[in-house]
Amino acid sequence: MLFQRTLARETKVGGRGIHSGKKVELTLIPANSDTGIVFVRTDLPERKEIPAHALRVSATENNTGIGEKNYVIHTIEHLLSALYALGIDNLLIEINGPEVPIMDGSAAPFIYVLKEAGLTHLSQHKKFLVVKKELEVKLQDKWAVISPCDHLIIESEVVFPHPLIKRQKMSFQFSPTNYIREISRARTFGFFKDVDMLKRKGLARGGSLDNAIVLDDFKVMNSEGLRFPNEFIRHKILDVVGDMSLLGHPLLGRMKTFRSGHLVHNQLCRKILSDPSNYEIISAISLPKTVEEDLTMLDLHPSLA
Ligand SMILES: [Zn+2]
């Protein structure tokens, strides 16, 4: 039976934000059943709790940010993706700055830190959000659609007019093991020609070849090259997992996305949540056996890969 999870002990992660360039420290603190993932800015006067929830998303340009006024936390998507992958339902995340550290641009460093801290079961069963109808969001040529399914399946396609990307397509069936093997190491990416424009907008100020794949007109500028030939589409799926985790429960549905970004993902979450007949929240007790097998493959012991 699947029980809710949190970390076995408190742990810390430090680094720089890719957009702000600011050095920050995260403290990840175990939380009780049904708390969800909650952020708190510890560098501001009031201790406001900001739940990681789709309806609290306030920024979607080149990152996903939650909160209001100056009580905002940016670039939460890779950390949330890692938490989702390990089935961590409840956690308090204290942060002493405006943006989650980018680490190496992927979710792998977060997976490492979380597994080092170890996971533990809580007393309540896990709850899942099961999609009941086909729902679509379309913004010009970008779209995402979700339909009922017993698993979480994500089929994404990206299109960039660059010789190394062109069109990349991938179908991914979520399980913790598949995610760690196929998705977690894929880094975020950007184009060298966009760097000045992004910096003028206050973005990418902490960006470097250490925390993103950077492409010039022909090739990858990072000396180590790519981690996978199709690292770009793998990172898109990493982002989809992080953004859809903001529904607040593990998701069962088949998603298809085309050229989608954080805005499309957030609009799809909001569309799902806008009508209670679009979905059902079910307890792990009533989950089909096959789904449970998908999700329990990851052992709780931190030393196991
Ligand atoms: Zn990303």
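Everything below is about the structure printed above this text.
Residues numbered from 1 in each chain as written. Predicted model: local features only at pLDDT ≥ 70, side-chain atom pairs only at ≥ 80, totals over all residues. Heavy atoms only, no water.

Chemist: Where do I start with the coordination of the zinc ion in this structure?
Modeler: Around a metal, the idealised angle for a tetrahedral arrangement of four donor atoms is 109.5 degrees; for an octahedral arrangement of six donor atoms it is 90 or 180 degrees. Within the first shell, the zinc ion binds the protein through H78 (NE2), H235 (NE2), D239 (OD) and D239 (OD), at distances of 2.1 to 2.7 Å. Considering all four donor atoms around the zinc ion, angles at the metal cover 53 to 149° and the coordination shape is irregular. Along the chain, the residues that donate to the zinc ion are spaced as H-x156-H-x3-D. In this pair, H78 is assigned in helix α1 (residues 77-85) and H235 in helix α5 (residues 231-244), connecting sequence segments 157 residues apart. Take H78: its relative accessible area is 4%, and that puts it in the buried class. (Donors = N, O, S within 2.8 Å, 3.2 Å for Na, K, Ca; no water. Tetrahedral: all angles 85-135°; square planar, octahedral: opposite > 155°, others 65-115°. Helix = DSSP H or I, 4+ residues; strand = E, 2+ residues; numbered from the N terminus. Buried < 20%, exposed > 50% of the residue type's maximum accessible area, 1.4 Å probe, protein only.)

Chemist: What exactly am I supposed to notice about the pattern of salt bridges here?
Modeler: Pairs may arise between side chains of opposite charge once their charged atoms sit close together. Taken as a whole and judged by the stated rule, the model has 18 salt bridges. Here E68 makes a salt bridge to R56, at a shortest N to O gap of 3.0 Å. Taken together, the positions of E68 in strand β7 (residues 65-68) and R56 in the loop between β5 (49-51) and β6 (57-59) put the pair twelve residues apart, joining distant regions of the chain. For E68, a relative accessible area of 42% translates into the label partly exposed. In this structure, K201 and E61 form a salt bridge, with 2.8 Å as the shortest nitrogen-oxygen distance. Taken together, the residues span a long stretch of sequence, with K201 in the loop between α4 (195-200) and β17 (213-215) and E61 in the loop between β6 and β7 at a distance of 140 residues. When its relative accessible area of 41% is taken as the criterion, E61 is described as partly exposed. Each of R181, E182 and R234 takes part in one network of salt bridges that share partners. (Salt bridge = Lys/Arg side-chain N within 4 Å of Asp/Glu carboxyl O.)

Chemist: Even after reading the chapter, I still don't get the nonpolar core, so can you show me in this structure?
Modeler: Generally speaking, soluble globular proteins have nonpolar side chains that are buried together. Counting residues in each nonpolar core, the largest one holds 72 residues, and the members touching the most others are F39 and Y179. Two domains each donate at least three residues to this core, and these are domain 1 (3-126) and domain 2 (128-296). The residues contacting F39, other than those within four sequence positions of it, are K48, E49, I50, A52, I66, I73, I76, L79, L80, I93 and V100. Counting eight residues, the second largest nonpolar core, distinct from the first, contains L2, F128, L287 and V291. (Core = buried A, V, L, I, M, F, W, Y, C linked by side-chain atoms within 4.5 Å. Domains from an automatic or database assignment. Contact = heavy atoms within 4.5 Å.)

Chemist: Help me out: how do you make sense of the pairing of strand β1 (residues 3-7) in this one?
Modeler: On a regular strand, each side chain points to the face opposite its neighbour's, so the side chains alternate between the two faces of the sheet. Counting buried positions over the five residues of β1 gives four, a clear majority of the element. Strand direction decides the pairing type here: β1 and strand β10 (residues 119-125), joined by four bridges, are antiparallel. Each residue of the ladder has a partner; that of L7, found in β10, is L119. (Pairing = 2+ DSSP bridges.)

Chemist: How should the packing of aromatic side chains be read in this particular structure?
Modeler: Aromatic rings considered in pairs are described by the distance between their centres and by the relative angle of their planes. Considering all chains together, one arrives at seven aromatic pairs under this definition. With centroids separated by 4.9 Å and ring planes inclined at 85°, the aromatic side chains of F189 and F232 adopt a geometry described as edge-to-face. Residue F189 is located in strand β16 (residues 189-191), and its partner F232 is located in helix α5; the two are separated by 43 residues in the primary sequence. The same class applies to F189 and to F232, which are both buried. Ring pairs connect the aromatic residues Y84, F172, F174 and Y179, which therefore count as one cluster. Just above the ring of Y71 sits the side chain of K48; from NZ or CZ to the centre is 4.3 Å. It is K193 that lies over the ring of F191; its NZ or CZ is 5.2 Å from the centre. (Phe/Tyr/Trp six-rings, centres within 6.5 Å; stacked < 30°, edge-to-face > 60°. Lys NZ or Arg CZ within 6 Å of the ring centre and 35° of its normal.)

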